[in-house]
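# Examining the three-dimensional arrangement
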Amino acid sequence: MAFIRAFLIILVIAIGLTAVAAIDVENSSDERIVRIWFSHIEQENQAMRTIAEEFTAQTGIAVEVISRRSIFDAPRDFANNAELPERPDLVFMQAPDIGNLVRSGFLSPLDLDNDTRSRFVNAAFDAFTYKGELYGVGYSVDTSGLVYNSDLITMDELPRTWDEFFQTAEKLTIRDGDGRIVQRGTLLNPKDMWFNYPIIKEFGGYYFGQLRCGTYNSYDVGLDNEGMLEYVNKMKELQAKGLTLTNPNATESHISAEFAKGRVAMILYGLWDASIYQSMGVNYAIAKLPKGRDGRISQPLATVQGFVINRFTRDFDASLAFLLFILQDEHQQFLIEAGNRGLAKTGERNPANISVIQSPYIRDDPVLSSLSEIGSFCSPFPNIPEGPIWYNYTTTAFRTIFFGDRHGREVDAQEMLGELADAIRNDVALINQIPDQAAFSWSDYVILTALIAVIAFLAIRAARGRKASATEYFGGRLSKRESLLGWILLFPLFFLVITFYVFPVFHNIYLSLTNYSGIRLRDYVFVGTANYREIFTKGIDGLVSMFVWTVSFAISVVSLSFLAGTALATILEKVGIRESKIYRVVFILPWVVPSVITLLTWRGFLDENGLVNQLLAFVGVPSVSWLSNPLAARVSTILVMTWFSFPYFMVVASGILKSIPKDYYDVAKIAGASRAWLFFRITLPMVYRAIFPMLIMAFIMQFNQFGVYLLTEGGPPADKLGAPGATDLLITYVFNTAFNTKRYSMAAAYSVIIFCFVGLLAFVSMASSTRKVNELR
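Residues numbered from 1 in each chain as written. Predicted model: local features only at pLDDT ≥ 70, side-chain atom pairs only at ≥ 80, totals over all residues. Heavy atoms only, no water.

It is worth spelling out the side chain of Asn515 at this point. If you trace the backbone, Asn515 turns up in the loop between helix H21 (480–511) and helix H22 (530–535). In terms of polar contacts, Asn515 uses its side chain to reach the backbone amide nitrogen of Val525, at 2.7 Å. (Helix = DSSP H or I, 4+ residues; strand = E, 2+ residues; numbered from the N terminus. Polar contact = N/O pair within 3.5 Å; in protein donor to acceptor, adjacent residues only side chain to side chain.)

In structure tokens:
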């Protein structure tokens, strides 16, 4: 009876879950509803909900406003949910992200009347226009300008042209008696291309050219022309005068920090750190950029944020009606004020609506007023799928030009600019490449059948082994009723394992055999082994070098962690119980502190001006480029990850040491053995044999150690653009391939290779564990 009751309960639960899952939300109610993904600012979401209630009262259409963690997650999450029952109808996202979604068929084109268009700045529509079609409307213009310290330079003294900008920057730079700079007129990042882009255009360089119709031509890359070389020479001139960052690892955050300390008069930046400037007492303001040689004010790059409509919305008319309702002037005013935290006026939202720009809320605040004027006259970042490619190469290329290659040698700027432009053009070609669709041949079916047969054979063999073990454990064969009840009770676990472990593995293998990419999120096709052929032909050098370094890294970290952990456990065994407990708590801290916090802390310690080099300077040792030199960076990653891992082995070894017979040590001491001999000939081998399977699993964990990316971001970069960096592991290179070039199928192919290697190691570990268990019987 117990069996029948259990069976019926599980059956009822399964049927209930199936019925619930089978309910289609579309047919669950006749109520019209619009679902919108909006902001990470809760005050802004509340304002949107108030507007939604007013819309519902007027139209009877319900609106659900969903808060979002970050706008940067919107395109990925939208692509994954666009066709699901709980799909969003309206999505708040950045305009540069729409290219991939349009190409993949996720967005609906919009046809707005002239009255609506006349109430917004041009950037609100230009940013969301793709190949002549409008796919969204801008709400906030995220841009930058000339941020200046009013205590160091007044508004009347601001430069009107770029030539005046450079001259004023030199004039405001102050040095002390020893020649050290104590105040800079400006501080630029020579590796940057976003904030420096107006200067690049001033000299004649450009990213992507534009056709007469305004569409970007991704094959027209102007980063290797004469104007670009002139820009490089100008930046080197400023570098020699101390007006650029001197640390190759420094970023715009360092520039903002120097400005917050009152040491810089002018920077090319936005108001993202305005609250910091206020807290530091900096009398800051923002103004338009200087004029170019053509007499027109330079346009900064801008990221426009706005609303798009899901092509798979169940009610396009209702979605469009609510979008137009949002775009009304009074509602834009309400949202912008909420997005800027009301009277705090943080500048987080820069309106695209002309009425809001002209409102007292914006006009009465000099900072917001200046920012809105800049946003009205800016250059939206290209929304084509190829747009973000420059992030893959420009930092590395400019770093090499201005700071030398990874060995510190000076490089030819013209050659590096040519390599930069060619790398971008090559990626553009790869993104738009349409491989031949492959069809299953008889050989493919034979291979697939053989693979399934091998997997089935191994599964059956493993099941029989487990069954024999279970029979021996329970002292005889189980009855059919007991076996059936056992399988029924295990069914939920099997379902979860298949859903979250087995299916993703096979789905990833399938994706590696397609051309799945950022522009083919829905219409990808089977291309066979094309990705694997490219990896083992064009990418074989990078694969081999990464594989060798990844294996070397994993072996080094596991070996050092094992040695350090066992040695500390041995030492703690010799001290008093009270002292031992204190030291164990101290040594285990690296293991329990969140890894992200610790890695970022170590990154600061290993910086050129970090704590480690400060300590070295204190004892008279020259500073070391821990994260800039390839060898030093690799040594740093191994040591930091060892610092993370040794507490685990210390805890495990502490338990094993108590089980080692003391007679071994007593006999060795009588024979005159030293402490080192005892450790290396008795302690270490005994602990090693006991935890060998754990060492294998630790190797697998380090093989897939993504924490290295947080520490070094894969750098220092290789001399050849696009090649793996000095500390790039296979897993971090897969990440870069997937999210930088949007070649998801190629990343899937790399992950399959990693899976095969890690699976082999896991099999070795399991076999070793089984053998040791059998030996103990």
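Taken together, the five strands give an open sheet; going across it, the order is E8-E9-E12-E7-E13, and neighbouring strands pair in mixed fashion. The open sheet has two free edges, formed respectively by strand E8 (174–175) and strand E13 (284–287), since each of these has just one partner strand. Summarising the sheet, strand E9 (residues 181–186) and strand E12 (residues 264–269) pair through two bridges and their orientation is parallel. Bridged to Thr186 within E12 is Met266. (Pairing = 2+ DSSP bridges.)

As a rule of thumb, nonpolar side chains are buried together in soluble globular proteins. Residues Tyr207, Phe322 and Ile424 are the most contacted members of the largest nonpolar core, which totals 141 residues. Among the elements that take part in this core, helix H19 (residues 413–432) stands out by supplying nine residues, more than any other. Taken domain by domain, this core gets at least three of its residues from each of domain 1 (32–142 + 304–380) and domain 2 (143–300). Setting aside residues up to four positions removed in sequence, Ile424 forms contacts with Tyr207, Phe208, Val221, Leu223, Ile389, Trp390 and Tyr393. Grouped together as the second largest cluster of nonpolar side chains are 45 residues, Met650, Val652, Phe703 and Ala738 included. (Core = buried A, V, L, I, M, F, W, Y, C linked by side-chain atoms within 4.5 Å. Buried < 20%, exposed > 50% of the residue type's maximum accessible area, 1.4 Å probe, protein only. Domains from an automatic or database assignment. Contact = heavy atoms within 4.5 Å.)

Before going further, it helps to spend a moment on unusual backbone geometry. The residue Lys131 is not glycine, and still its phi comes out positive at about 50°. Residue placement: Lys131 occurs in the loop between strand E4 (129–130) and strand E5 (133–134). In the Ramachandran plot, Lys345 falls in the positive-phi region, its phi being about 45° despite a non-glycine side chain. If you trace the backbone, Lys345 turns up in the loop between helix H14 (329–339) and helix H15 (354–357).

Another aspect to go through is the packing of helix H25 (residues 595–605) against helix H27 (residues 630–657). Orientation of H25 relative to H27, taken along the N-to-C sense of each, is 145°, at an axis distance of 11 Å. In the crossing of H25 with H27, the sense of the turn from one axis to the other is right-handed. From H25, Ser595, Thr598, Leu599 and Trp602 reach across to H27, where they touch Val640, Met641, Trp643 and Phe644. Per-class residue counts for the contact of H25 with H27 are six nonpolar, two polar and no charged. (Axes fitted to C-alpha atoms, helices over the stretch in contact; angles between N-to-C directions. Left-handed = near helix turned anticlockwise from the far one by under 90°. Nonpolar A, V, L, I, M, F, W, Y, C, P; charged D, E, K, R; others polar.)

Two descriptors summarise a pair of aromatic rings, namely the distance from one centre to the other and the angle between the planes of the rings. Under the counting rule described, the total for this entry stands at 51 aromatic pairs. The interplanar angle of 35° and the centroid separation of 6.4 Å between the aromatic rings of Phe491 and Phe495 together place this pair among those described as tilted. You can see Phe491 and its partner Phe495 sitting in helix H21, four residues apart, about one turn around the helix. Residue Phe495 is classed as partly exposed on the basis of its relative accessible area, which comes to 47%. The interplanar angle of 80° and the centroid separation of 5.0 Å between the aromatic rings of Phe547 and Phe757 together place this pair among those described as edge-to-face. Here the residue Phe547 occupies a position in helix H23 (residues 540–574), and Phe757 occupies one in helix H33 (residues 744–776), the gap between them amounting to 210 residues. In this structure an aromatic cluster arises from ring pairing among Trp194, Tyr197, Tyr207, Phe208, Phe381, Trp390 and Tyr391. A cation over an aromatic ring shows up here: Arg68 above the ring of Trp37, its NZ or CZ 4.3 Å from the ring centre. (Phe/Tyr/Trp six-rings, centres within 6.5 Å; stacked < 30°, edge-to-face > 60°. Lys NZ or Arg CZ within 6 Å of the ring centre and 35° of its normal.)

This part is about H27. The end-to-end C-alpha distance of H27 is 39 Å, a good match for the 40 Å that 28 residues give at a rise of 1.5 Å each. Along H27, the sharpest change in direction is near 35° and occurs at Phe644; proline Pro647 comes one to four residues later. Counting buried positions over the 28 residues of H27 gives 20, a clear majority of the element. Here H27 starts with a cap whose side-chain oxygen sits 3.0 Å from the backbone nitrogen of Leu631, and that cap is Asn629. (Expected span 1.5 Å × (residues − 1). Bend = angle between axes of the 7 residues up to and from the residue.)

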